[in-house]
Amino acid sequence: MPIRTHQSAAGQVNSRIDNTVRTWISHIHVDRGIGRMLVLLVIAFALFAVLNPRVFMNPLNLQNIMVSAPEVGILAIAMTLAMLTGGIDLSLVSIANLTAITISTMYTGLVGSDPALAESLGGVIVLVGIAVGVLAGLINAFLISTVGITPILATLATMQIFNGIAIVWTGGKTLYGAPQALSAVGKSTVAGVPVLFLLFLVVAIVIGLLVNRTPFGRKTQLQGANPTAARFSGIRSASVLYGTYLTTGLLGGLAGVLFVTRNPTASADYGTSYVLLVIVIAVLGGTNPMGGFATVTGVVLATLVLQVVQSGFNAIRLSSYEYSIAQGVILIGVMVFDQLRFRRRTRYVASTQTRNIASMSNVGEDADETPDTAGADSVETK
Amino acid sequence: MAERNEAPVLEVRGIVKVFGGVTALDGVSMSLLPGRVHCLAGENGSGKSTLIKIISGVDTPDAGEILIDGEAMSGMTPARALRAGIQVIYQDFSLFPNLTVAENIVLPAAIASRKKLFNRARSRPGAQRIVDELGLTLDLDADVEKLSVADRQLTAICRALVQDARILFMDEPTTALTHSEVARLFGLVRKLQERGVAIVFVSHKLDEVLEVSHDITVLRSGQLVASGDAREYSVQSLTVAMTGRDVDTTRLVNDLGKRGAPLLEVSRLDLPGAFTDISFDLAPGEILGITGLLGSGRGEIVEALFGLLKPESGTVTVNGAALRPGSIRSSISAGIGYVPEDRLTQGLFLEKSIADNIIAGSLDSHARGKVVLSQKRIAETISTLFTRLRIKAPSVAAPVRSLSGGNAQRVVLAKWLATKPKILILNGPTVGVDVGSKNEILTILRDAAREGMGVIMISDDVPELVSICNRVLIVRRGSLVAEFDSEQIEAQRIQEVMAA
Ligand SMILES: Nc1ncnc2c1ncn2[C@@H]1O[C@H](COP(=O)(O)OP(=O)(O)OP(=O)(O)O)[C@@H](O)[C@H]1O
Ligand SMILES: [Mg+2]
């Protein structure tokens, strides 16, 4: 009868060292969402660099990628925040358009009477535009938190409303004109890197810190992971939801500013393809649509992957339709890869019931699933 | 009773299972005889549930074989297990939260019989039959997610019993049940056993184990350390076999000294349908036990203290300041912590790491100026509590879902100790926790109380209350009916008053 003795002191020290090592390893695991996007980015980049180096590797093209990534990227980060709480924000693009339209309207109105004043008030105009975004976010927060409407329905409705307002306001036409200072910023670079891209990185870092290094961000993650336990831990869902949707509104507004910065125009139907694109990016970047888990770094990388693919498709003369096929294929590819890994690693983690019942429908048939024989599995759920 | 030398219906040999470096089972063998109740005992994390899941095909062993009626099964799956007549009451119940009680009870049987269409109405009689047989008052049409833990457990039990099992595994089936339900369950277990069903019973309530079992197998850290006839064991010798040491459960309470101003005062709390006219107080450093039968209102009383329920009248004050009724935030900021009964859904973020769970309740106090979290202080809190509560896990980064029951409960405790509460309320803190860990948890509570924390503990486990509480209150039909003070605390008398 083998009886185990208690751990010796040396054993305990050993196990502590073991502990530290394991902690490190598990950090690497968590970052795998980032890892696979890095790999994809390198592959995509190398592929197009080989297929059409003259066009793709042209500095102008590379600059272009860096100038067009930020607006999509910021929207994707906003989407990630909403998904972190287990929600979604479909109204982001229409918020951005409202902001762009507000800026353009105010500017052209002022320019007509006093061009110098219009230019000097550029900063104020931009702030008013962003405030419109925040206000839109407040409406979302009110509907979701105070009224209690499911995020997908609430933001579907506000998307329609904001979009409708934009169409009525512009008469469906494209508005021209935006503060010239904005265009100047849009064209400027620091050491060859567009200022817009730097701005995108700053936003990503700020949101990354917000999510991981502030009580608010941690509460957001916990709320998304298990709302009941969050309530029992004294986390107020209202403050989490208001904070989240105000921030997504703010980021939507910021994206709207980028719209007019790249092109001094504004219309109600700009970027309609972005709505679903940013969901794709968020998920590719490792965001769990059920809430609770996300990495901003992963989302930044996923944004770049898709931008590189889009620009590469241009370089090898494939159309935007083929690009949208590629988006879908990449998404499915990554999900399949995830599933395979997930199955291998976490068979035993999933609740017993699901598998039980799932395989019970085979009772009586001889379609027994072959049991997997993977041995040493790691403890990880992401 | 069945013959001793009958052939085993099920036998496992040399089962090995490793989870990412953790050896959950290390060459375990066991055989089950028809008509006998076999107890599987062991500390938290010793591998009991893992062994059951391997036999029922939910988990796949890394080595070893499973024989049914002497025939080796290669590649066990849940479907095969069911066909072989194996039924399991899983520790986590494994119910469908969005279906009704009746549907949960009948659905698996319906699927097993390969019915393609499921008739909701027809599910009722079958479910009703088993509920009646057990003499339960379960609402068959209630959604499972709205049920109390006890009712969910009863649903899981009914589901396993409704089908004709040859081998029945019961993984801690009585954690949420009180005396009377347990008695009825055991009645049924005896009936099944007389019919020749082989039963495996897992429980941390050792007196229960000895009452019902014929054979015993003891696991420790995944290894088989003892097996034999249950009659040869006492609670004490079983404890020693499980833990490798003697666990001292004699009464040991902190000396409160002279009674000063109370920490908590509850005065004339009323909530129609739940409790009436509840008044008591709690001194700093005092451990107060509250007990009563299921549905007596004892749970509702503490839920009202934590702000989960809003009492209709009455007041609660902490250090003289009144709490806002029905506000969790007000209770928490007054320094009240609450370890809920349903730790899996209410207490833990299962997919999150141990570290994230430990600081989930004290994020604000770990931030500089309420804005930026201090990584250093967080790391300190986490490692202090991780070591102090001796949570058994490969690292603090492991998800809580991978922990055994007792360890998961320590994480919930750690979460609340991190908030440095003035008053800690615990609802069934040692449910499903092994003898050794239970004693350690009680020691942690005693130590915390010695530093001035007031503790209110709800428990069914009367001996546990006796071993730690300064005072015990008894709730019957929503009212406080008795109070036992230091010298009068005695298990026998408490049980009598409870049941009266
Ligand atoms: N899905 C899993 N992933 C990783 N480790 C696991 C998993 N399931 C169990 N383990 C580990 O295997 C060991 C045995 O766990 P098991 O659940 O079988 O214990 P148990 O004896 O049933 O304990 P308890 O009395 O607390 O229910 C533990 O160390 C546990 O952490
Ligand atoms: Mg178990």
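> Honestly, the coordination of the magnesium ion (ligand 2) in this entry has me stumped. Any pointers?
A four-donor tetrahedral metal ideally has 109.5 degree angles, and a six-donor octahedral metal ideally has angles of 90 or 180 degrees. Residues and elements named next belong to chain B. At 1.9 to 2.1 Å from the magnesium ion (ligand 2) lie its protein donor atoms, namely Ser49 (OG) and Gln91 (OE1). Of this pair, Ser49 sits in helix α1 (residues 48-55) while Gln91 sits in the loop between β6 (86-89) and α3 (101-112), placing them 42 residues apart in sequence. Note on Ser49: relative accessible area 18%, which makes it buried. Its relative accessible area of 31% is what places Gln91 among the partly exposed residues.

> Teacher, can you tell me more about the pairing of strand β3 (residues 37-42) of chain B here?
Note on strand geometry: in a regular strand, side chains alternate between the two faces of the sheet. Residues and elements named next belong to chain B. β3 sits mainly inside the fold: 6 of its 6 residues count as buried. Residues Val37, Cys39 and Ala41 line one face of β3 and the alternating positions His38, Leu40 and Gly42 line the opposite face, and both faces are buried. Of the strand pairs in this sheet, β3 and strand β8 (residues 198-202) are connected by 3 bridges, and their pairing is parallel. Bridge pairing in β8 places Cys39 opposite Phe201. The sheet contact formed by β3 and strand β9 (residues 215-220) spans 5 bridges and is parallel. Bridging from a neighbouring strand, Cys39 pairs with Ile216 of β9.

> Can you walk me through the side chain of Thr102(A) in this structure?
All names here are of chain A. Tracing the backbone shows Thr102 in helix α5 (residues 92-113). At a separation of 2.6 Å, a polar atom in the side chain of Thr102 contacts the main-chain carbonyl oxygen of Leu98. Non-local contacts of Thr102, meaning those with residues more than four positions away in its chain, are made with Val128, Gly129, Val132 and Trp169.

> I'm lost on the confidence of the model for chain B in this one. Help?
Here chain B averages 88 in pLDDT, while 98% of its residues score no lower than 70. Across the assembled chains, the prediction reports ipTM 0.82 with pTM 0.82.

> Hey, could you run me through helix α6 (residues 179-194) of chain B in this one?
Owing to its 3.6 residues per turn, the α-helix brings residues three or four apart onto one side. Residues and elements named next belong to chain B. Over its 16 residues, α6 extends 23 Å from the first C-alpha to the last, a length consistent with the 22 Å expected when each residue adds 1.5 Å. Restricting attention to buried positions, one finds in α6 the residues Glu181, Val182, Leu185, Phe186, Leu188, Val189, Leu192 and Gln193. An end-on view of α6 places all buried positions within 165° of arc, on one side of the element. Residues of α6 that are exposed and point more than 90 degrees away from the buried face comprise His179 and Glu194. Elements in contact with the buried residues of α6: β3, α4 (120-133), α5 (149-162), β7 (167-171), β8 and α7 (206-212). Gly196 sits one or two residues past α6 and shows a positive phi near 100°.

> Is there a simple way to think about the domain arrangement of chain A in this case?
Where interface size is quoted, it is often the accessible area lost as the parts come together. Residue and element names in this part refer to chain A. Domain annotation of chain A identifies domain 1 (29-318) and domain 2 (319-363). Computed over C-alpha atoms, the centres of domain 1 and domain 2 are 28 Å apart. The interface is formed by 14 residues belonging to domain 1 together with 13 residues belonging to domain 2. Linking domain 1 with domain 2 are 0 salt bridges. Joining domain 1 to domain 2, the criterion identifies 1 residue pair in polar contact (both at pLDDT 80 or more). Looking at the side of domain 1 that touches domain 2, the elements that each hand over two or more residues are α2 (32-51), α14 (274-284) and α15 (296-315). Of the residues belonging to the side of domain 1 that touches domain 2, the class tally is 10 nonpolar, 1 polar and 3 charged.

> For this particular structure, what's the right way to read the sheet that holds strand β19 (residues 423-427) of chain B?
Two strands in a sheet stick together by hydrogen bonds in their backbones, pointing the same way (parallel) or opposite ways (antiparallel). Residue and element names in this part refer to chain B. Spatial strand order, β16-β19-β20-β13-β21-β22: 6 strands in an open sheet with mixed pairing. Each edge of the open sheet carries a strand with a single partner, namely β16 (336-339) and β22 (479-485). The average angle at which neighbouring strand axes cross in this sheet is 20°, direction not considered. Across the face of the sheet, helix α15 (residues 435-450) comes into contact with β13 (287-291), β19 and β20 (454-458) while running at roughly 150° to β20.

> Quick question: what am I supposed to make of helix α14 (residues 405-417) of chain B here?
Residue and element names in this part refer to chain B. Here α14 is 13 residues long and its end C-alpha atoms lie 19 Å apart, about the 18 Å a rise of 1.5 Å per residue gives. Summarising burial for α14: 12 of the 13 residues are buried, a large majority. By the burial criterion, the buried members of α14 are Gly406, Asn407, Ala408, Gln409, Arg410, Val411, Val412, Leu413, Ala414, Lys415, Trp416 and Leu417.

> What is the right way to look at the domain arrangement of chain B in this model?
Residues and elements named next belong to chain B. Under the domain assignment used here, chain B contains domain 1 (10-243) and domain 2 (264-499). With centres defined by C-alpha atoms, the gap from domain 1 to domain 2 works out at 29 Å. Contacts between domain 1 and domain 2 engage 21 residues on the former and 19 residues on the latter. Overall, the association of domain 1 and domain 2 removes approximately 1500 Å² of surface from exposure, summing both partners, and the carbon and sulfur fraction of that is 57%. Sorting the residues of domain 1 by area buried against domain 2 places Asn44, Thr178 and His204 first, and these three jointly supply 34% of that buried surface.

> How do you make sense of unusual backbone geometry when you look at a structure like this?
Generally, phi is negative for residues other than glycine and the peptide bonds are trans, each holding for most cases. All names here are of chain B. Non-glycine residue Ser221 carries a positive phi angle of around 45°. The exposure class assigned to Ser221 is partly exposed, which follows from its relative accessible area of 28%. Look at Arg268: it is not a glycine, yet its phi comes out positive at around 50°. Its place among the elements puts Arg268 in strand β11 (residues 264-271). Using a relative accessible area of 53% as the deciding quantity, one classes Arg268 as exposed.

Conventions adopted
- Residues numbered from 1 in each chain as written.
- Chains lettered and ligands numbered in written order.
- Predicted model: local features only at pLDDT ≥ 70, side-chain atom pairs only at ≥ 80, totals over all residues.
- Heavy atoms only, no water.
- Donors = N, O, S within 2.8 Å, 3.2 Å for Na, K, Ca; no water.
- Helix = DSSP H or I, 4+ residues; strand = E, 2+ residues; numbered from the N terminus.
- Buried < 20%, exposed > 50% of the residue type's maximum accessible area, 1.4 Å probe, protein only.
- Pairing = 2+ DSSP bridges.
- Polar contact = N/O pair within 3.5 Å; in protein donor to acceptor, adjacent residues only side chain to side chain.
- Contact = heavy atoms within 4.5 Å.
- pLDDT = per-residue confidence, 0-100.
- Expected span 1.5 Å × (residues − 1).
- Arc of directions from axis to C-beta.
- Domains from an automatic or database assignment.
- Salt bridge = Lys/Arg side-chain N within 4 Å of Asp/Glu carboxyl O.
- Nonpolar A, V, L, I, M, F, W, Y, C, P; charged D, E, K, R; others polar.
- Axes fitted to C-alpha atoms, helices over the stretch in contact; angles between N-to-C directions.
- Buried area = accessible area lost by both parts, 1.4 Å probe.

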